[in-house]
Each structure stands twice: as structure tokens, then as C-alpha cells.
Amino acid sequence: MTVLLFHSPDDPVELWVAELRRQLPDVEIRTTPDFGDPSEIDYALVWKPPAGLLASLPNLRVTFSIAAGIDHILADPERPTHVPIVRMLDDNLRDMMSEWAILGVLYFHRFMPEYMAEQPKAIWDRRWPIYTPETHVGVLGLGAIGRDVAEKFRVLGFQVHGWSRTPREVAGIICHHGAAGLEAMLPQCRYLVCVLPLTDETRGIIGARTIAALPEDAVVVNLGRGGHVVDEDLLAALDSGHLRGAFLDVFNEEPLPPGHAYWRHPKVVMTPHVAGELVPQSCAKAIARNLNAHMSGAAMEGVLDLERGY
Ligand code: NDP
Ligand code: OXD
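Residues numbered from 1 in each chain as written. Chains lettered and ligands numbered in written order. Predicted model: local features only at pLDDT ≥ 70, side-chain atom pairs only at ≥ 80, totals over all residues. Heavy atoms only, no water.

### Considering the packing of aromatic side chains
Scanning the model with the defined rule gives nine aromatic pairs in all. Where Tyr-107 meets Phe-247, the ring centres are 5.9 Å apart and the plane angle is 45°; that geometry is what we call tilted. Of the two residues, Tyr-107 is situated in helix α3 (residues 91-109) and Phe-247 in strand β11 (residues 243-248); the sequence distance between them amounts to 140 residues. Of the two residues, Tyr-107 and Phe-247, both sit in the buried class. Ring-pair connections join several aromatic residues into one group, and the members of that group are Trp-100, Tyr-107, Phe-108 and Phe-247. (Phe/Tyr/Trp six-rings, centres within 6.5 Å; stacked < 30°, edge-to-face > 60°. Helix = DSSP H or I, 4+ residues; strand = E, 2+ residues; numbered from the N terminus. Buried < 20%, exposed > 50% of the residue type's maximum accessible area, 1.4 Å probe, protein only.)

### A closer look at the site of ligand 2
By nearness alone, every residue bordering ligand 2 is listed as Ala-67, Ala-68, Gly-69, Leu-93, Arg-225, His-273, Gly-276 and Leu-278. Take His-273: an N or O atom from its side chain is 2.6 Å from an oxygen atom of ligand 2. Coverage of ligand 2 by the protein chains reaches 87% of its 210 Å² of free accessible surface. Looking at the shell around ligand 2 residue by residue, the classes come out as four nonpolar, three polar and one charged. (Near = heavy atom within 4 Å. Polar contact = N/O pair within 3.5 Å; in protein donor to acceptor, adjacent residues only side chain to side chain. Areas by Shrake-Rupley, 256 points an atom, 1.4 Å probe, with all protein chains shown as cover. Nonpolar A, V, L, I, M, F, W, Y, C, P; charged D, E, K, R; others polar.)

### As for the domain arrangement of the chain
A common measure of how large an interface is: the accessible area buried when the components associate. Entries for the chain in the domain assignment read domain 1 (2-90 + 278-295) and domain 2 (91-270). The gap between the C-alpha centroids of domain 1 and domain 2 is 32 Å. Counting the contacts that link domain 1 with domain 2 gives one salt bridge. A salt bridge links Asp-71 to Arg-225; its shortest N-O distance comes to 2.9 Å. Scanning the region where domain 1 abuts domain 2 turns up four residue pairs in polar contact (both at pLDDT 80 or more). (Domains from an automatic or database assignment. Salt bridge = Lys/Arg side-chain N within 4 Å of Asp/Glu carboxyl O.)

### Points about the site of ligand 1
Close to ligand 1 lie 30 residues; Leu-142, Ala-144, Thr-166, Arg-168 and Tyr-310 are nearest. The side chain of Arg-168 places a nitrogen or oxygen atom 2.7 Å from an oxygen atom of ligand 1. Between an oxygen atom of ligand 1 and a main-chain N or O atom of Gly-224, the distance comes to 3.4 Å. Compared with its free state, where it exposes 940 Å², ligand 1 has 95% of that area covered by protein. Residue composition of the shell around ligand 1, grouped by class: 14 nonpolar, ten polar and six charged. In this structure, the shell around ligand 1 is formed jointly by two domains, domain 1 (2-90 + 278-295) and domain 2 (91-270), each of which donates at least three residues.

### What to know about the nonpolar core
Grouped together as the largest cluster of nonpolar side chains are 28 residues, with contacts concentrated most on Val-139, Phe-153, Val-193 and Leu-223. Put simply, the parts of the chain that give this core at least two residues each are α3, β6 (136-140), α5 (146-155), β9 (191-194) and β10 (218-222). Per-element tally for this core: the top contributor is α3, with seven residues. Apart from the residues within four sequence positions on either side, Phe-153 is in contact with Ala-101, Ile-102, Val-105, Val-137, Val-139, Phe-158, Val-160 and Val-193. (Core = buried A, V, L, I, M, F, W, Y, C linked by side-chain atoms within 4.5 Å. Contact = heavy atoms within 4.5 Å.)

### As for empty space enclosed by the protein
Tallying each qualifying case throughout the model produces one cavity of 30 Å³ or more. Quantified by volume, the largest cavity comes out at close to 40 Å³. What lines the largest cavity is Asn-222, Gly-226, Val-229, Asp-231, Leu-234, Leu-248, Val-250, Phe-251, Asn-252 and Tyr-262. The residue inventory of the lining of the largest cavity, partitioned by class, reads six nonpolar, three polar and one charged. (1 Å grid on protein atoms, 1.4 Å probe; cavity = no way out; pocket = protein on both sides within 12 Å on 5 of 7 lines; lining within 4 Å. Points joined across faces, edges and corners; volume = space filled by probe spheres on them.)

### A look at helix α8 (residues 231-240)
Residues spaced three or four apart along an α-helix face the same direction, because each turn holds 3.6 residues. Inspection of α8 places Asp-231, Leu-234, Leu-235, Ala-237 and Leu-238 among the buried residues, and these make up the whole buried set. Down the axis of α8, the buried set is contained in an arc of 160°. They therefore lie on one face. Opposite the packed face of α8, turned more than 90 degrees from it, sit the exposed residues Glu-232, Asp-239 and Ser-240. Where the residues of α8 are buried, they touch α7 (208-213), β10, β11, α9 (261-264) and β12 (268-270). (Arc of directions from axis to C-beta.)

If you want it as C-alpha cells, here you go:
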């Protein structure tokens, strides 16, 4: 019988196992830590696998990521390099990410930081609106998630820019690519939303240079990875008054240490890496589709391109 090993320190294991059994009735589902003979494992479905776990499975055929990002798997230096890695492509995950990006932008766009500060003081102070049709949102990443984010901002009436590595065309979106594209886009963006994968090229992309290129009073919304942000540079720009605020879901260190400046910073709003959740009722279907495709010799969706790094 085909065997799938599930490992995640952060997800509801029982719910996942139940959904996987429902979607893959002919596959045996095992979980860490007591999963029996490692040589019996054909497929692994993992979030943050401990170093060496994947290498200990001699007959592993595919590693599925319990995440759209695969950086948590690449972080294992012992990972078997001949085994394909497949990222999560899931509509519910995508939609949750778009919701969170919109939440972050609208929170600032509709002056919620100011109104929330004034409410306990019973201050009735109406602010004049920022005119949405002339407000530019820049979305870093135009992939499975970023494209949806960009299109939904367009539906809300913003001027929307998208940035990718290679040239893209998306109806209604002003598309940019590469270093020159980023340079052209940034000065226009009152809101900068990051939905990039973490790679050698994108690490630290939201650093002093990028931030300085944004207009005065811009807001940074990061739901990609913490590694995209240079924390000291972001904090310096918030403190100097160049940036109006930051809406952050992901951090260089997770959980964020209790002493970190973000926790108590008056211009930072943060959530604990929850922008997009991997809901088993939805994601197990995506795993089943790919696993069945692999077993029947068909192509899988979302296979990592090692050279690109995402
Ligand atoms: P995709 O692989 O579908 O898309 C990645 C996009 O980023 C592509 O448009 C790609 O460009 C672009 N990109 C990659 N490298 C560069 C670069 N060097 N310069 C410019 N653009 C670049 O990824 P997804 O949309 O599925 O996911 C994006 C990321 O979102 C995940 O990797 C993860 O880090 C994060 N995420 C976070 C979650 C959370 O809860 N906070 C939940 C889910 C995802 P091109 O189109 O040219 O290939
Ligand atoms: C993801 C995540 O990449 O949850 O899917 O961070």
C-alpha cells in the first residue's frame, strides 16, 4: 500500500489525517513521530520538517509542502535533493491571503489607527478621505496569490501595480518586472504589499533603498516572509516619519521574541503568521490531486524549480 507521512508542529494533525483519509482512501496516512519503518514511506507532507527527517526516508518519491512557500523545506541542509518538492496551490489559501492584504491596506486607508486611538478619548474627528481612484497600490509578486491580491485591489478601485521577476500581463494591472521595474513602480505606491517567495534574490528586498524610494507616508504590508524585510531599516523609516505604518504577518524570527520592537511600536500592526491558513478540508483535495497525478505518471502542479528557488 502507498504510504503518506504527515509532519507539522503547527497544524491540527487529527483534522488533517481525517481529511487526507477522506480524499485518499487507498493511501495509508502516518504521522510523526511514531511512523514505523522509514523505508515504507512513499510521500511526505510537511511543514518545517526537522533536519534529517526527509533524508531518513530512503524511498521517498515526493515532498509536499504544507505551505505555498517551500523555504521551510529548503532550510533542511540534509534534504534529499533528488526528491521533487511541491508547493501548496489552494484557492482558500489564496483567498485568505487576499483578504488579509486588503485588511491591511484598508485599515490605514480608512484611518483606523487614528480612529482607534481617539475612541477611548471620545474624540469625534472626521478625516478627509484619501481619493481611492488616484491611490496606487504596489504588489510585489504576481504569482498564484499575488495576482489575486492585485486583481482584488483593482476591483476596490485602486490603481494597482504588480511586480514580478519575468514580464507578466494582467488585465487592469500596471505590470513591472526586474530591478528597473521596481525602481519605476516604488515612488508611485502609497501602499506596498509583499507576496513574494523567499529566495536569495528577494531576501531583504524591503530594506533602506526600497523604503526610501516609497513616497512619504507610505505603508508597508508584508505577508510574504519575514526575511523580505530588513527590520532595522523598516523601524528606522517608521521612527523617522518617512513611513506611516506597517502591517506585518511574517517575521525574521517566529514566534517573534517578546522583546522585539515591533510588538509595542505605535505604527506597527501585527498578526502571528495567519494571513493564509492551510485548511485541511480544502488543501487535502490539492494534495490528493497531485499525489494521484504522480502515481498515474501525470504532471503535478506547483513543482519547485530549484534554479529559480520558488
Ligand atoms: P508563486 O510562486 O505563485 O509566485 C511568486 C511570484 O513572485 C511570481 O510572480 C514571481 O515572478 C515573483 N518573484 C519571485 N522572485 C522574484 C524576484 N526575484 N523579483 C521579482 N519577482 C519575483 O508564489 P505564491 O503566489 O503561491 O506565494 C507567494 C508567497 O507568499 C509564498 O512563497 C510564501 O512566502 C507567501 N505566503 C505567505 C502566507 C502567510 O500566511 N503569510 C501564506 C501563503 C503564502 P514570476 O511571475 O516572474 O515567476
Ligand atoms: C505558506 C504559509 O507559505 O502559510 O503557505 O506561510
